[in-house]
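Observations on chain architecture
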Amino acid sequence: MRLARDAVRVRVPATSANLGPGFDALGLALGVWDEVTVRAVAGATTVTVVGEGDGALPDGEEHLVVRAVRLGLDRAGAPQAGLELVCHNAIPHGRGMGSSAAAVVAGLVAARGLLSEPEALDDDAVLTLATQLEGHPDNAAPALLGGATAAWVDGDGPHAARIPLAPDLRPTVLVPQSQLLTHTARAVLPTQVPHADAAFNAARSALLVLALGGRTELLMAATEDRLHQDYRADAMRGTAQAVRALREAGWPAVISGAGPSVLVLERLDDATARTLEEHGWQVLDPGVATTGAHLL
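What you are looking at is a predicted structure, and each value in this text was computed from that prediction instead of being measured.

Bringing the nonpolar core into the picture now. In this structure, Val-38, Val-69, Leu-85, Met-97, Val-105 and Leu-208 are the most contacted members of the largest nonpolar core, which totals 64 residues. For Leu-85, the residues in contact, after removing those within four places along its chain, are Val-36, Thr-37, Val-38, Thr-46, Val-47, Thr-48, His-63, Val-65 and Val-66. Within the second largest apolar cluster, 16 residues are counted, among which are Leu-180, Ala-185, Val-243 and Leu-276.

The subject of this paragraph is helix H9 (residues 237-248). Taking 1.5 Å of rise per residue, the twelve residues of H9 would be expected to cover 16 Å, and the 16 Å separating its terminal C-alpha atoms lies within 8% of that figure. Contact partners of the buried residues in H9: strand E7 (172-175), helix H7 (219-222), strand E8 (253-255), strand E9 (262-264) and helix H10 (270-278). Residue Gly-250 follows H9 closely and has a positive phi angle near 95°.

Moving on: the packing of helix H1 (residues 64-76) against helix H3 (residues 123-134). Interaxial distance between H1 and H3 falls to 11 Å at its minimum, and their mutual angle equals 130°. Between H1 and H3, the interaxial angle falls into the category oblique. Read as a crossing pair, H1 and H3 show a hand that is right-handed. Taking contact as the criterion, the partners of Arg-67, Ala-68, Leu-71, Gly-72 and Arg-75 in H1 are, on H3, Ala-125, Thr-128, Leu-129, Gln-132 and Leu-133. Across the contact of H1 with H3, the residue classes tally to five nonpolar, three polar and two charged.

Another aspect to go through is the pattern of salt bridges. Under the definition given, this model contains eleven salt bridges. Here Arg-39 and Glu-84 are joined by a salt bridge, their closest N and O atoms 3.7 Å apart. With a gap of 45 residues between them, Arg-39 in strand E2 (residues 26-41) and Glu-84 in strand E4 (residues 82-89) connect regions that are remote in the sequence. Given the relative accessible area of 35%, Arg-39 is considered partly exposed.

Here we come to the UniProt feature "domain: GHMP kinase C-terminal" (unreviewed entry) in the protein chain. Here, the residues flagged by UniProt with the feature "domain: GHMP kinase C-terminal" (unreviewed entry) are residues 221-271. Across residues 221-271, helical content stands at 39% and strand content at 12%; the span's end C-alpha atoms are separated by 24 Å.

By the criterion of burial, strand E1 (residues 7-17) is predominantly enclosed, with eight of the eleven residues buried. Across eleven bridges, E1 lies against E2 in antiparallel orientation. In the sheet register, Thr-15 faces E2, and the bridge partner there is Ala-29. In this structure, E1 lies alongside strand E11 (residues 294-295), joined through two bridges in antiparallel fashion. The residue bridging Arg-11 from the neighbouring strand is His-294, located in E11.

Turning our attention to the UniProt feature "domain: GHMP kinase N-terminal" (unreviewed entry) in the protein chain. Here the UniProt feature "domain: GHMP kinase N-terminal" (unreviewed entry) sits at residues 64-147. End C-alpha atoms of residues 64-147 are separated by 24 Å, and the span's content is 56% helix alongside 10% strand.

So, about a negative patch on the surface. Where like charges cluster on the molecular surface, the negative patch consists of Glu-117, Glu-119, Asp-122 and Asp-124. Within the secondary structure layout, Asp-124 lies in helix H3.

Here we come to unusual backbone geometry. The omega torsion of the bond from Gly-259 to Pro-260 falls at 5°, within 30 degrees of zero and hence cis. With respect to the helices and strands, the residue Pro-260 is situated in the loop between E8 and E9. Not every positive phi belongs to a glycine, and Asn-18 is a case in point at roughly 80°. Within the secondary structure, Asn-18 is located in the loop between E1 and E2. Assessed through its relative accessible area of 2%, Asn-18 is described here as buried. Here Asp-24, not a glycine, exhibits a phi torsion of approximately 60°, which is positive. Here Asp-24 is to be found in the loop between E1 and E2. Classification of Asp-24 as partly exposed rests on a relative accessible area of 21%.

Further remarks concern the sheet that holds E9. Pairing is antiparallel in the open sheet, where four strands are placed in the order E8-E9-E7-E10. Lying at the two open borders of the sheet, with one neighbouring strand each, are E8 and strand E10 (282-284). When strand polarity is set aside, the average angle formed by the axes of neighbouring strands in this sheet is 25°. One ladder, built from three bridges, connects E8 with E9; its direction is antiparallel. Residue pairing across strands places Ala-253 opposite Val-264, the latter belonging to E9. In this fold H9 packs onto E7, E8 and E9, with an angle of close to 160° to the strand it touches most, E8.

Here is what the cut-offs are and how they apply
- Every chain's residues receive numbers from 1 upward, in the order its sequence appears when written.
- Totals for whole chains, interfaces and linings use every residue, but because this is a predicted model, local features are given only for residues with pLDDT of at least 70 and side-chain atom pairs only at 80 or more, for both listing and counting.
- To get the side-chain values, all heavy atoms of the structure are used, and hydrogens and water are removed first.
- Take the buried Ala, Val, Leu, Ile, Met, Phe, Trp, Tyr and Cys residues and link them wherever side-chain atoms come within 4.5 Å; each set so joined is a nonpolar core.
- Think of it in three bands: residues with accessible area under 20% of the maximum for their type are buried, residues over 50% are exposed, and the middle band is partly exposed, with areas taken using a 1.4 Å probe on protein chains only.
- Note on contacts: a residue pair is in contact if any heavy atoms of the two residues lie within 4.5 Å.
- In this description a helix means any DSSP run of H or I spanning at least four residues, a strand means any run of E spanning at least two, and both kinds are numbered starting from the N terminus.
- An expected span of 1.5 Å times one less than the residue number is assigned to each helix.
- For helices, the axis comes from a line fit to the C-alpha atoms of the stretch in contact; other axes are also lines fit to C-alpha atoms, and the angle between any two N-to-C directions lies between 0 and 180 degrees.
- Oblique is the label for every angle not falling under 35 degrees (roughly parallel), over 145 degrees (roughly antiparallel), or within 65 to 115 degrees (roughly perpendicular).
- Crossing handedness: left-handed means the near helix sits turned counterclockwise from the far one by under a right angle, and right-handed means the same turn made clockwise.
- When residues are sorted by character, Ala, Val, Leu, Ile, Met, Phe, Trp, Tyr, Cys and Pro go into the nonpolar class, Asp, Glu, Lys and Arg into the charged class, and all the rest, Gly among them, into the polar class.
- Just to be clear on terms, a salt bridge is a Lys or Arg side-chain nitrogen sitting within 4 Å of an Asp or Glu carboxyl oxygen.
- UniProt positions are given in the numbering used here, feature names are shortened, and annotations may be inferred rather than shown by experiment.
- Two strands form a pair only when DSSP identifies at least two bridges running between them.
- Within this analysis, patches are made of residues with over 30% relative accessible area and no salt bridge. Like charges are joined at 9 Å or less; nonpolar side chains (Val, Leu, Ile, Met, Phe, Trp, Tyr) at 5 Å or less.
- Reported accessibility uses the Shrake-Rupley method at a 1.4 Å probe radius. Residues are deemed covered only where the shown protein chains occlude them.
- We treat Lys and Arg as the positive residues and Asp and Glu as the negative residues; His and chain ends play no part in the count.
- For this purpose, a charge sits on NZ of Lys, CZ of Arg, CG of Asp or CD of Glu.

Here it is, written out as structure tokens:
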């Protein structure tokens with residue numbers, strides 16, 4: 001295997017995982033995009049970050065995109081080289097919008113774009129490697145495939161499938177000023193849950209697939225959860241309060257991924273959006289990213 005190009009540019013969307021009941025399984029790609037240019041060079045690896053993460057991320061081999069490119073090239077049996085990265089980041093970091101999954105998927109798709117035989121890193125291979133770096137495929141799947149996805153892991157590794165979406169689905173994302181690390185949010189979860197709660201979430205996850213496909217009258221019931229959101233409430237009290245208030249007002253609101261952003265699976269009206277902005281939330285109307293990571 002050889003490198004057929006010395007430079008590629010990749011565009012990758014933000015994602016929201018869980019969508020309420022679909023813990024570690026369901027995800028949605030959002031129209032907020034990072035763009036990464038990767039160039040193979042003879043010298044040392046350098047990383048330039050513009051936008052989100054500027055000044056806070058590693059600027060060499062420890063950068064997550066670099067690690068993903070290296071992993072992809074190794075998987076394909078391609079030679080390594082020095083890398084010159086320029087990352088234009090729009091996805092908020094530490095907010096539950098899949099910034100790390102976007103970085104991993106961007107690096108793997110960039111590696112594929114550099115190869116003389118890109119089929120050596122097909123979508124199945126990219127999802128497998130992304131899950132290896134991420135630990136679970138719920139964000140990586142929609143970042144790679146776009147739209148809404150269901151992801152699962154079996155003895156053969158991770159898999160994902162697209163979920164049909166109603167064309168008029170218009171999610172809203174509420175982004176707070178505070179950050180929350182994913183491992184912090186996961187640390188508060190119990191190792192076991194009651195059987196009744198597991199059954200409750202299984203029913204809601206199935207219902208959510210119908211709601212996303214067009215049965216929007218089911219969205220409120222379909223976004224109920226007993227597996228993770230209440231356990232995380234003390235770690236993100238402002239988020240938990242916002243979700244509770246929105247749901248009491250009839251909006252299908254959930255914690256976005258591990259938080260602390262809030263995902264509402266409808267477009268908020270202007271008055272509600274203004275009120276939230278007055279309370280310090282950034283209100284995004286990103287739309288659904290119907291395509292995943294791709295070369296430009």
